[in-house]
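Overview (structure and organization)
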Amino acid sequence: MSSAAAPAPAPSGGLAGDEAKRQSLRRMKQVALAFLFGAAVVFLLARWAESEGWPGWVGYVRAAAEAGMIGGLADWFAVTALFRHPLGIRIPHTAIIPNKKNVLGESLGDFVGANFLSEPVVRDKLRRLEVSRRTGEWLAAPDNAERVTAELSTVVRGAVTVLRDEDVQAVMEQAVVRRVVDREWGPPLGKLLEQVLTDGAHYRFVDLMCDRAYDWVRTNHATVLRVVSERAPSWSPRFVDEMLADKVYGEVLTFAWAVKTDVNHPMRLALDRFASEFAQDLQKDPETMARADAVKRQLVEHPEVKKLIGSAWATAKDMLLTAAEDPSSELRTRVREGLQTLGGRLQADAELARKVDGWIEDAAAHVVRHYSREITTIITDTVERWDAEETSRKVELQVGRDLQFIRINGTVVGALAGLVIYTVGELLF
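Notes on the structure follow. (Residues numbered from 1 in each chain as written. Predicted model: local features only at pLDDT ≥ 70, side-chain atom pairs only at ≥ 80, totals over all residues. Heavy atoms only, no water.)

**Here we look at unusual backbone geometry**
Selection rule: Here a helix means four or more residues in a row that DSSP labels H or I, a strand means two or more in a row labelled E, and each is numbered from the N terminus. Throughout this description, buried means an accessible area under 20% of the type-specific maximum (1.4 Å probe, protein chains only), exposed means over 50%, and partly exposed covers the range between.
Phi at His 93 is positive, roughly 65°, even though this residue is not glycine. As for its placement among the helices and strands, His 93 is situated in the loop between α2 (57–83) and α3 (96–99). Judged by its relative accessible area of 74%, His 93 falls in the exposed class. Its identity as a non-glycine residue notwithstanding, Glu 130 has a phi of 50°, on the positive side. With respect to the helices, strands and loops of the structure, Glu 130 is situated in the loop between α5 (119–129) and α6 (131–140). A residue is classified by how much of its surface remains accessible, and Glu 130, at 36% relative accessible area, is partly exposed.

Listed below in structure tokens is the structure:
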């Protein structure tokens, strides 16, 4: 992948640590250079000695020094070619790290994906970790359970505080309204009413209404008289109106008493028939069902209902914040006890622990199976954003000191190899 952003420098350690590594690298370069310089001086002296007619052993010294010098130069070239062009000359296949930075990043990402993010490796590692058992032991400790509870409380407080009241209220209103509007009220209400009638649970309500109706008639004699008088003709004598009102009042009181005391009164039976028919109409009659839906819409759109939904969030928010902030609240106490109980079960119940471990393994395997490439691109994209020259300097700073031993070894081993080769040649020829 390519990035449009400006190249980012490669990450480094602290300034003090980098300076110490830089000084150490500089010293090792001087040591390696000293070995090479020493081989060159020995070679020149031995070559001079040969030209002056010194004994034959000088040839062995000259051959060893010559080979050591060649080995040191070759290894200097090899080490330098990793990070830059030797002597600034753009020789092919040099400055490998700056030129192959992206390729190295991709190779590193592929290596991590193949060897660390493979499903068998992840499953085996999680299986040996025994996550559920260790988690259970940790949660069973009261201090740890309290710590987790406190962190959860912080998360809850943060989430509740960040959420805007109007957004939550809008979501709640939308969720409630949609659920209510999408469902018919008629059939469910009809079934509920039918079940109530079948169980006889409505009789107490009817009894209560009859009792209240009788009590109202008995205590409102003057009201009945006034209604009758107001409805009587203007030409009717007053005493006639009073006699008629008394007669009506007595009939109404007698009727109310009869309905109150007689469970088989026609009025009660009529109410039962009406309720039963109404229950059936709510389930089967289109007109009644449509009227029930109209009532539903009026209720949902009523301002008081919307206000109630909105106040529900405000109340719930206050309760959550209060409970989350109070360490001794019922909510935090129950969460803490629940965590400890879960920890104990994870330790004692082997079957539960195996199930939890299996869930964790399956979840991790799913992530690795489907998203390992996305994970490894973090490596490749990060390396790609690094500045090439800066990356080369940082890598050399981290491993350059050890690489100088290659130059030293090249000088020493080259000298030994040259000595052996020269010796074999002298013995054979």
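**A few points about the nonpolar core**
Inclusion rule: Nonpolar cores are built from buried Ala, Val, Leu, Ile, Met, Phe, Trp, Tyr and Cys residues. Side-chain atoms within 4.5 Å join them into one set. Any two residues whose heavy atoms approach within 4.5 Å are treated as being in contact.
Counting six residues, the largest nonpolar core consists of Val 112, Leu 117, Val 122, Leu 126, Ala 364 and Val 368. When contributions to this core are tallied by element, the ones reaching two or more residues are α5 and α17 (350–385). Those residues in contact with Val 368 that lie beyond four places of it in its chain are Leu 117, Ser 118, Glu 119 and Val 122. Grouped together as the second largest cluster of nonpolar side chains are five residues, Ala 39, Phe 43, Ala 65 and Met 69 included.

**Describing the environment of Ala 78**
You can see Ala 78 is positioned in helix α2. Spatially, the C-alpha atom of Ala 78 lies 9.3 Å from that of Ile 406, the residues being 328 residues apart in sequence.

**Here we look at the packing of α6 against helix α7 (residues 142–162)**
Pairs of packed helices are described in terms of their axes, by the angle between the two and the distance that separates them. To keep it simple, the criterion reads: Each axis is a line fitted through C-alpha atoms, and for a helix only the stretch in contact is used; angles between axes span 0 to 180 degrees, taken between their N-to-C directions. An angle counts as roughly parallel when it lies under 35 degrees, as roughly antiparallel when it exceeds 145, as roughly perpendicular when it falls between 65 and 115, and as oblique in every other case. When residues are grouped by polarity, Ala, Val, Leu, Ile, Met, Phe, Trp, Tyr, Cys and Pro land in nonpolar, Asp, Glu, Lys and Arg in charged, and all others, Gly among them, in polar.
Packing of α6 against α7 brings their axes to within 5 Å, and their N-to-C directions diverge by 90°. With respect to α7, the element α6 is oriented roughly perpendicular. Residues Trp 138, Leu 139 and Ala 140 of α6 lie in contact with α7, whose contacting residues are Pro 142, Asn 144, Ala 145, Arg 147 and Val 148. When grouped by side-chain class, the residues that make up the contact of α6 with α7 number six nonpolar, one polar and one charged.

**Regarding the side chain of Asp 357**
Rule in force here: A positive count includes Lys and Arg, and a negative count includes Asp and Glu. His and the chain ends are not counted in either. By definition here, a salt bridge exists when the distance from a side-chain nitrogen of Lys or Arg to a carboxyl oxygen of Asp or Glu is within 4 Å.
Residue placement: Asp 357 occurs in helix α17. It turns out Asp 357 is buried and unbridged, and the closest side chain with the opposite charge, Arg 133, is 7.7 Å from it. Apart from residues lying up to four places away in sequence, Asp 357 is in contact with Glu 130, Val 131 and Ser 132.

**Brief notes about a nonpolar patch on the surface**
So the rule is basically this: Patch members must show over 30% relative accessible area and no salt bridge, and they are joined within 9 Å when carrying like charges or within 5 Å when they are nonpolar side chains of Val, Leu, Ile, Met, Phe, Trp or Tyr. All accessibility values rest on the Shrake-Rupley procedure with a 1.4 Å probe; residue burial counts only the protein chains present in the view.
Among the surface-exposed residues, Val 31, Phe 35, Val 412, Val 413 and Leu 416 lie close enough to one another that they form a single nonpolar patch of about 400 Å² accessible area. In terms of residues, the nonpolar patch owes the most to one element, helix α18 (residues 388–428), which gives three residues. Position of Leu 416 among the secondary structure elements: in helix α18.

**Overview of the side chain of Ser 118**
Topologically, Ser 118 is positioned in the loop between α4 (101–115) and α5. Overall, Ser 118 belongs to the buried group, its relative accessible area being 18%. Setting aside anything within four residues of it in sequence, one finds Ser 118 in contact with Gly 113 and Val 368.

**Some remarks on the pattern of salt bridges**
Opposite charge on two side chains allows them to pair when their charged atoms are near. The full count for this structure, using the stated rule, is 24 salt bridges. Salt-bridge contacts for Glu 50 lead to Arg 62; the nearest nitrogen and oxygen are separated by 3.2 Å. With Glu 50 in helix α1 (residues 15–51) and Arg 62 in helix α2, the pair connects residues that are twelve residues apart, well separated along the chain. Classification of Glu 50 by relative accessible area gives partly exposed; the value is 25%. With a closest N to O distance of 2.7 Å, Glu 146 and Arg 336 form a salt bridge. Here Glu 146, found in helix α7, pairs with Arg 336, found in helix α16 (residues 330–348); they are 190 residues apart in sequence, far enough to count as distant. According to the relative accessible area criterion, Glu 146 is partly exposed, its value standing at 26%. Here the residues in one salt-bridge network are Glu 119, Arg 123, Arg 127, Glu 361, Asp 362 and Arg 369, joined through shared partners.

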